[in-house]
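Residues per chain are reported as follows:
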Amino acid sequence: MGFRPPVALLLGPLLLQGFLRPLWGDLAFIPPFIRMSGPVVRASLVGDTEGVTVSLAVLQDEAGILPVPTCRVLSNETEDWSVTVTPGGNVTVIPNQVYQPLGPCPCNLTAGACDIRCCCDQECLSNLTELFRWSCFTGVFGGDVNPPFDQLCSAETTHAVPDWFPFLCVQSPLANTPFLGYFYHGAISPKQGSSFEVYVHTDPKDFADFGYKQGDPIMTVKKAYFTIPQVSLAGQCMQEAPVAFLHNFDVKCVTNLEAYQERDGVINEKIKNVALGGIVTPKVIYEEATDLDKFITRTEAPLNNGSSLRIVNVEEHYIFKWNNNTISEINVKIIRAEINAHQKGILTQRFVVKFLSYNSGNEEELSGNPGYQLGKPVRALNINRTNNVTTLHLWQSAGRGLCTSANFKPILFGENALSGCLLEVGINENCTQLRVSAVERLDSLIQATHVAMRGNSDYTDLSDGWLEIIRVDAPDPGVDPLAGSVNGICLDIPAQLSIRILISDAGAVEGITQQEILGVETRFSSVNWQYQCGLTCEHKVDLLLISASVQFIKIPAQLPRPLTRFQINYTEYDCNRNEVCWPQLLYPWTQYYQGEPYSQCVAKGLLLLSFLTLAMFLSNPWTRICRACS
């Protein structure tokens, strides 16, 4: 739009009700209003602009909300105004990154500003570009995002090429580049549509009529999703997240007690299960929470102790029994707590979902069948207790990282891990008691006496592949080298626990390698502790870190053949100590290559051999021999 003379004027057509209404598909100017500081201003009209006429009018300031002009008196005359309309698309076209080699200008790193030496930056004015146009970035970073590759026949190479290059070069347009999709790592291309779009919730799709598949959302008889709070990829807790068939999860959601609202109970929920000819109703049992400090972090005490109480759910455990592609039974255990209605603080809720086979008989989950699966808990038991331990643990610290508030997490097969927590220690701490306390904390992680050799070992049969844990006991806590000497120093504190698990391959089932545990050893390591504060802070506590680590060591099923004297001394053909590996020159034709069928490897090898033979006959030595013979 051109305005003569320049006036400080807010344009009436740009207001258009004062909102960015393209979010609802309506017409709108962007920006919605403009305060002029020059003779020309620009605005974009987005939305369905077909058949729309643009005109100018003076906006009357009756309410006194417009700013005071800074140049001259406002003019109500419109004869000298002009409108220039530039046609444009009403949507922002986002190219599919699968078919784009790179960004159009990789050196354009700063939005709304000119990047020095970036000649492809559209935000650099011509007079500014003249200052560095002889020092522009070159190559892909400088904007040459579609360079011809060396194998292209039409590429002008600066270095010498072999004589057989014209026979093996690639005839391809420049748009077909090896950089296509180089920075695209997804599987879903962007949807072509309006740049302003609001998510509209669609009706849930019913998957229960023909049975569930893995990942299908579970449906209720009201044709709605069966939802349980879950954590999104962004870390937020979604209260209405559908439960996917055969997908286990164990999540925690943090909620402010002032904003907490109880979800609709699952008692009246009925799961649709057409394949069984009926409806599955969850069986719910309730338990009372014993330790509220694990779930509620209080910020302040309630003002009125005589106020009413309310019930909050702190844990919900769901067990789905499945049979083929149907759900046969749902068992729910809800752990709840009774708190003051005006209680303030942070509530941590836990939601657990497990899918078990209908004939499993109990809620114990296998870690493999028969061998262990990576990422599954290491199975364990304690034969000295009636309530057997089912796995080994590590710490999962929270808050300040103190051992008194740390939770447990299972040790997962094949995953090395390190965890720890902090013990509060005073300057007058008894060293013997400190050693005993550290050992007790570390022993709480390994309360089992045996571990399962396989992922499906039977808990009721000790002879079904159960291995006794080898324990290296900690030093005697009563032996104190500095007994009665100085305060604030304790030697030989068993503060580190090392768990070493030996594993090995034990055959294969249907082509899948099965792994098993050969042995487990626990060993303590000692550290020396010294109070880390001066004489002015004797009443403060120090922190002692105690840690536990787990390491999985794979033992080969068969001992490797020892190296011969020739292999030890003559390393030219050793692939591990040389960049060129001659023994692997014919790797695709050996039994170790499993990428393709052997017949295809032979066919491709013969084809490559024919090309090499042809190239050899067309090379310089053969042409010279032919010329000499002729």
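Residues numbered from 1 in each chain as written. Predicted model: local features only at pLDDT ≥ 70, side-chain atom pairs only at ≥ 80, totals over all residues. Heavy atoms only, no water.

**Here's the deal with the pattern of salt bridges**
Next, step 1: Enumeration over the complete set of coordinates arrives at ten salt bridges.
Next, step 2: Between lysine 213 and aspartate 216 there is a salt bridge, with the nearest N and O atoms lying 3.6 Å from each other.
Next, step 3: Put simply, arginine 500 and glutamate 521 hold a salt bridge, and the shortest N to O gap is 2.6 Å. Highlighted residues: arginine 500 in strand 20 (residues 489–509) and glutamate 521 in strand 21 (residues 512–530), separated in sequence by 21 residues.
Next, step 4: Relative accessible area serves as the criterion here: at 37%, arginine 500 is assigned to the partly exposed category.
Next, step 5: For glutamate 521, a relative accessible area of 16% translates into the label buried.
Next, step 6: One network of salt bridges, in which partners are shared, links Arg500, Glu521 and Arg523. (Salt bridge = Lys/Arg side-chain N within 4 Å of Asp/Glu carboxyl O. Helix = DSSP H or I, 4+ residues; strand = E, 2+ residues; numbered from the N terminus. Buried < 20%, exposed > 50% of the residue type's maximum accessible area, 1.4 Å probe, protein only.)

**Looking at the sheet that holds strand 19 (residues 470–472)**
Next, step 1: Reading across from one edge, 16-22-20-21-19 is the order of the five strands in this open sheet, with mixed pairing throughout. The sheet terminates laterally at strand 16 (417–425) and strand 19, the two strands that pair on one side only. Strand-to-strand twist across the sheet, computed as the mean angle between neighbouring axes with direction ignored, equals 15°.
Next, step 2: Both strand 20 and strand 21 contribute to a ladder of 16 bridges, which runs antiparallel. Counterpart to isoleucine 503 in the pairing with strand 21 is isoleucine 517.
Next, step 3: In the packing of helix 3 (residues 431–443) onto the sheet, contacts are made with strand 16, strand 19, strand 20, strand 21 and strand 22 (542–554), and the angle to strand 20 comes to roughly 15°. (Pairing = 2+ DSSP bridges. Axes fitted to C-alpha atoms, helices over the stretch in contact; angles between N-to-C directions. Contact = heavy atoms within 4.5 Å.)

**Observations regarding the environment of valine 602**
Next, step 1: When you line up the elements, valine 602 lands in helix 5 (residues 598–617).
Next, step 2: Taking relative accessible area as the criterion, valine 602 reaches 29% and is therefore assigned partly exposed.
Next, step 3: The sequence separation of valine 602 and tryptophan 589 amounts to 13 residues, and the corresponding C-alpha distance is 6.9 Å.

**Focus: the state of the cysteines**
Next, step 1: Within this structure, the stated rule accounts for seven disulfides.
Next, step 2: Cysteine 107 shares a disulfide with cysteine 118; S-S distance 2.0 Å. On the S-S bond that ties cysteine 107 to cysteine 118, the torsion sits near 75°, and the link is right-handed. Taken together, the residues span a long stretch of sequence, with cysteine 107 in the loop between strand 2 (44–46) and helix 1 (126–129) and cysteine 118 in the loop between strand 2 and helix 1 at a distance of eleven residues. (Disulfide = S-S within 2.5 Å.)

**Topic: the sheet that holds strand 13 (residues 380–381)**
In a beta sheet, neighbouring strands are held together by backbone hydrogen bonds and run either parallel or antiparallel to one another.
Next, step 1: Taken in spatial order, the three strands of this open sheet run 13-17-18, and their pairing is antiparallel. With one partner strand each, in any of the chains shown, strand 13 and strand 18 (466–468) form the two edges of the open sheet.
Next, step 2: One ladder, built from two bridges, connects strand 13 with strand 17 (residues 450–452); its direction is antiparallel. Note that in strand 17 the partner of alanine 380 across the bridge is valine 451.

**Regarding the nonpolar core**
Next, step 1: Membership of the largest hydrophobic core comes to 45 residues, with the highest contact counts inside it found for Leu392, Ile517 and Ile546.
Next, step 2: With seven residues, strand 20 is the largest single contributor of residues to this core.
Next, step 3: Sequence-distant contacts of leucine 392, that is, excluding residues within four places in its chain, are made with Val378, Ala380, Lys409, Pro410, Ile411, Leu445, Ile446, Ala448, Val451 and Ile469. (Core = buried A, V, L, I, M, F, W, Y, C linked by side-chain atoms within 4.5 Å.)

**A closer look at helix 3**
Next, step 1: The first and last C-alpha atoms of helix 3 sit 18 Å apart over 13 residues, in line with the 18 Å expected at 1.5 Å per residue.
Next, step 2: Taken as a whole, helix 3 has its buried residues at Cys431, Leu434, Arg435, Ala438, Val439 and Leu442. Down the axis of helix 3, the buried side of the element spans an arc of 130°, and every buried residue falls inside it.
Next, step 3: For helix 3, the elements touching its buried residues are strand 14 (393–396), strand 16, strand 20, strand 21 and strand 22. (Expected span 1.5 Å × (residues − 1). Arc of directions from axis to C-beta.)

**Focus on the packing of aromatic side chains**
Next, step 1: Under the counting rule described, the total for this entry stands at nine aromatic pairs.
Next, step 2: With a centroid separation of 5.3 Å and an interplanar angle of 25°, the aromatic rings of tyrosine 212 and phenylalanine 245 are classed as stacked. Of this pair, tyrosine 212 sits in the loop between helix 2 (165–168) and strand 3 (230–231) while phenylalanine 245 sits in the loop between strand 4 (237–238) and strand 5 (249–256), and the two are 33 residues apart along the sequence.
Next, step 3: For tyrosine 212, a relative accessible area of 3% translates into the label buried.
Next, step 4: Judged by its relative accessible area of 1%, phenylalanine 245 falls in the buried class.
Next, step 5: One aromatic cluster in this structure is built from Tyr212, Phe226, Phe245, Tyr318, Phe320 and Phe355.
Next, step 6: The lysine or arginine in question, arginine 117, covers the ring of phenylalanine 137, its NZ or CZ lying 4.5 Å from the ring centre.
Next, step 7: In this structure, arginine 336 is placed above the aromatic ring of tyrosine 286, and the distance from its NZ or CZ to the ring centre is 4.3 Å. (Phe/Tyr/Trp six-rings, centres within 6.5 Å; stacked < 30°, edge-to-face > 60°. Lys NZ or Arg CZ within 6 Å of the ring centre and 35° of its normal.)

**Re the side chain of glutamate 516**
Next, step 1: With respect to the helices and strands, the residue glutamate 516 is situated in strand 21.
Next, step 2: Put simply, glutamate 516 is tucked away with no salt bridge, and the nearest opposite charge, on arginine 454, sits 5.5 Å away.
Next, step 3: Residues within four places of glutamate 516 in sequence aside, it is in contact with Tyr372, Met453, Arg454, Leu502, Ile503, Ser504 and Ala506. (Lys, Arg positive; Asp, Glu negative; His and termini not counted.)

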